[in-house]
Every structure is written in structure tokens, then in C-alpha cells.
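# Structural description and commentary
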Amino acid sequence: EAVAAEWMLEFACCCLCRHFGEGGAAEFRRWRDVAQALIDGLSKIPTHQKKTVYLCQLLIRIEKGKNLECCFENDERISPLESALSFWTLLEREETKLEKLHEDIRRLIQIQIIAVHMENGYFKEAAEVLERLFTDSETDKPLRVKLATVIKSKDPYVPLLQTFSYNLLISKIKSYIELFMKENETNFLIQEATKQVESKGLGATALQNKTVNVTEKHKWNLKTKQRFVLSIILLRDMLGRMQNCCLNVDFSLVWMYINCLLGLNSLQNVEKHGDALAFGRRRQRWTYKEDLALKSGIREFGVGNWAKILVHGDFNNRTSVMLKDRWRTLCRIN
């Protein structure tokens, strides 16, 4: 259960980053709820997952940054952006690189905390925030003086606030996300599955019961089957236990994640076309029946939920990317 929670949290963070970058509000909110449920279920944050947790919490708060009615802290005076700043501080402590980007994002969050209050006409609250945010240090003093002058003007459209805008903040955070994703690529499920198999002495038996003549063209197929066997051995018992716990998570998400890690897009397609996957997917014409299944899936699940549409629809060895491309083609045709 602990292993599953860790790799689910990694995947939820990955999805949050992706949908934040793409601006997919509905999908972002769905994965926000998943990530928050997983984080709430942690008795303490494992050292190696601190950055993951902090980034999830940061993005959740930035997404609500302009909504002063939303509150994440016990102190109702703390706006979403001010709460986000505390998690940005924690992220900075976990890293030694990216000093320039860190400084830029910190400054933008600070300025936008003031700007959002002013845009809503809360000038007194903006002055109180300024007192909380800035110390009397020499490094903080120049920006503090400028922001104090801006608050006194009661003009939310002064050049300073327009230059260091909310859109610029979002852009900088997207840049940080891209770097984070590159540096934190993981193969966690396979690593843990291998450990589990080895600890039970199942590795050699499970994968060598059948003699396989490995030629160059069959290597990819063997690797895929090995990865699949390792993962299913790990998940066989784990899924049964997790469904009895109180965590409110859609278990189709578990399978979607497994498929992503395995490079397979649906268990349905593995069952129907397992061997065909070994040699790549040949280009094939879309049938009228498949187009109907795609349109039906979009009506039921919405544009963008390609993995769910793939699993529930009757498609001939398609991937979620193929569904996305086909939908774009259909939109152009119509």
C-alpha cells in the first residue's frame, strides 16, 4: 500500500505539472483531488518525496491564486498565493541550483500577492500583507519601498504590477516545471516490482519457465513481457488490499498509470493484440465504427480524456495519441 501510494503520488504530480502547463483546468482539478488525497494520507513526508509534495501544493495554490475567497491555511488572512509562497520557500531549500529562476519566481509571487489584493480593492489587507512578507533587511528594502508606494497610490494598474504580471508568474513556473520533470524522471514501479519479485524468489521462475529464442526482432517483445509480468506480480495482491482502504481514488487511474509506465495504452489492447505490439503499430485506416466509438467516448468522457475513451471504446489496436490525432482530423473535416 505504501509503495502504491508513492508511485501514485509521483504520477499525480506528473499529471498536475502537465495539465498546469497545458492549461487543462478540468483535468488539473481532477488530479489535484487525487494528489491531495494521497498527500493527506501520508503520516509523514518521505525525504525523497518532499519536492514532489511541495510542488503539488505549490501548483494547487497557484491555480487558485486570484481567488481570495479560497483559503488553504487556518489563518483566513493568508491568501492562496501567500500560502504558495511558503511552499516555494520549502522547494528552494531542497535545491541548490536554479538560483536565478528561484529568485524571479519568489519576487513574482510576492508582487502578485499584493497585486491580487489591490485588484479586489483590499488596500488595507495589501498593506498588512506587505508587513508580513518583508523583513527590514537590506535585500528586501528596495522592493518593499516600491510596493508600499504602489499600495498608497491605490492603483492596481501601475507599471510595476503590469510588468511583473500574473501571466509572467505562470510562465516562470511552467519553466520550473519543465526542468523539474527532466530532472525527476523515474521508473519507480519497475524498480519496486523487481525488488518484490526478487524478495519472493519469483524472478527467475516467472520469466524463465518458457524457453525463449531471443533474436534481434524479438528483444522488444521480450522486454515488454518481462516488464508486464513484474508489474502484475507486484500489483496482484496490492490492488485487493488498497480497495479495502478508505482512500477515495478512482482505481481506473491505477491501471492508467501502469499502462503509461509499461508503454502500453490499455489492458484491453494487450489482451486482443499483445503480439502485434512487439513489432510496432502499422498505419491503418480508421473505420466508420471506430469513428463512432471515438465520438461516443468524447460525448461520455469529454475531449482530452483519451485514456478513458481508449479503455471503454472498441478500437483496433489504437493508442491514446492516435485517438487525439484522429479527433483533430475529424474536427478539420467537419
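Refer to the structure presented above.
Along each chain, residues carry numbers from 1 onward, in the same order as the chain's sequence is written. Predicted model: local features are reported for residues with pLDDT of at least 70 only, side-chain atom pairs are reported and counted for 80 or more only, and whole-chain, interface and lining totals are derived from all residues. Where side-chain values are given, they derive from all heavy atoms of the structure, hydrogens and water being excluded.

## Examining the packing of helix α3 (residues 50-63) against helix α9 (residues 166-183)
The geometry of α3 relative to α9 is characterised by a closest axis approach of 12 Å and an angle of 160 degrees between their N-to-C directions. Taken together, α3 and α9 sit at an angle that is classed as roughly antiparallel. Relative to α9, α3 is oriented so that their crossing is left-handed. Between α3, through Lys51, Thr52, Leu55, Leu59 and Ile62, and α9, the contact on the second element is made entirely by Tyr166, Leu169, Ile170, Ile173, Tyr176, Ile177 and Phe180. Residues belonging to the contact of α3 with α9 are distributed by class as follows: 10 nonpolar, 1 polar and 1 charged. Axis definition: a line fitted to C-alpha atoms, limited for helices to the stretch in contact. Angles are taken between N-to-C directions and run from 0 to 180 degrees. Numbering of helices and strands starts at the N terminus; helices are DSSP runs of H or I of at least 4 residues and strands are runs of E of at least 2. Throughout, the term roughly parallel applies to angles under 35 degrees, roughly antiparallel to angles over 145, roughly perpendicular to angles from 65 to 115, and oblique to all others. Two helices cross in a left-handed way if the nearer one is turned anticlockwise from the farther one by less than a right angle. They cross in a right-handed way if the turn is clockwise. Contacts are assigned to residue pairs with any non-hydrogen atoms lying within 4.5 Å of each other. In this classification, Asp, Glu, Lys and Arg are treated as charged, Ala, Val, Leu, Ile, Met, Phe, Trp, Tyr, Cys and Pro as nonpolar, and every other residue, Gly included, as polar.

## Points about the packing of helix α1 (residues 2-22) against α3
Running from N to C, α1 and α3 point in directions that differ by 35 degrees, and their axes come no closer than 10 Å. The handedness of the crossing between α1 and α3 comes out as left-handed. On the side of α1, the interface is formed by Leu9, Glu10, Cys13, Leu16, Cys17 and Phe20, while α3 contributes Thr52, Val53, Leu55, Cys56, Leu59, Ile60 and Ile62. Split by residue class, the contact of α1 with α3 holds 11 nonpolar, 1 polar and 1 charged.

## With respect to the environment of arginine 144
With respect to the secondary-structure elements, arginine 144 resides in helix α7 (residues 141-153). Relative accessible area serves as the criterion here: at 18%, arginine 144 is assigned to the buried category. Only protein chains enter the calculation, and the probe is 1.4 Å; a residue is then buried if its accessible area is under 20% of its type maximum, exposed if over 50%, and partly exposed in between.

## Observations concerning the pattern of salt bridges
A pair is scored as a salt bridge if a Lys or Arg side-chain nitrogen falls within 4 Å of a carboxyl oxygen belonging to Asp or Glu. Inspection of the entire model under this criterion finds 14 salt bridges. The closest approach of N and O atoms between arginine 77 and aspartate 75, which form a salt bridge, is 2.8 Å. The salt bridge involving aspartate 291 is made with arginine 326; its shortest N-O contact spans 2.8 Å. Of the two residues, aspartate 291 is situated in helix α15 (residues 288-301) and arginine 326 in helix α17 (residues 320-333); the sequence distance between them amounts to 35 residues. For the pair aspartate 291 and arginine 326, one class covers both residues: buried. Put simply, Lys100, Asp104, Arg107 and Lys172 are held in one network by salt bridges that share partners.

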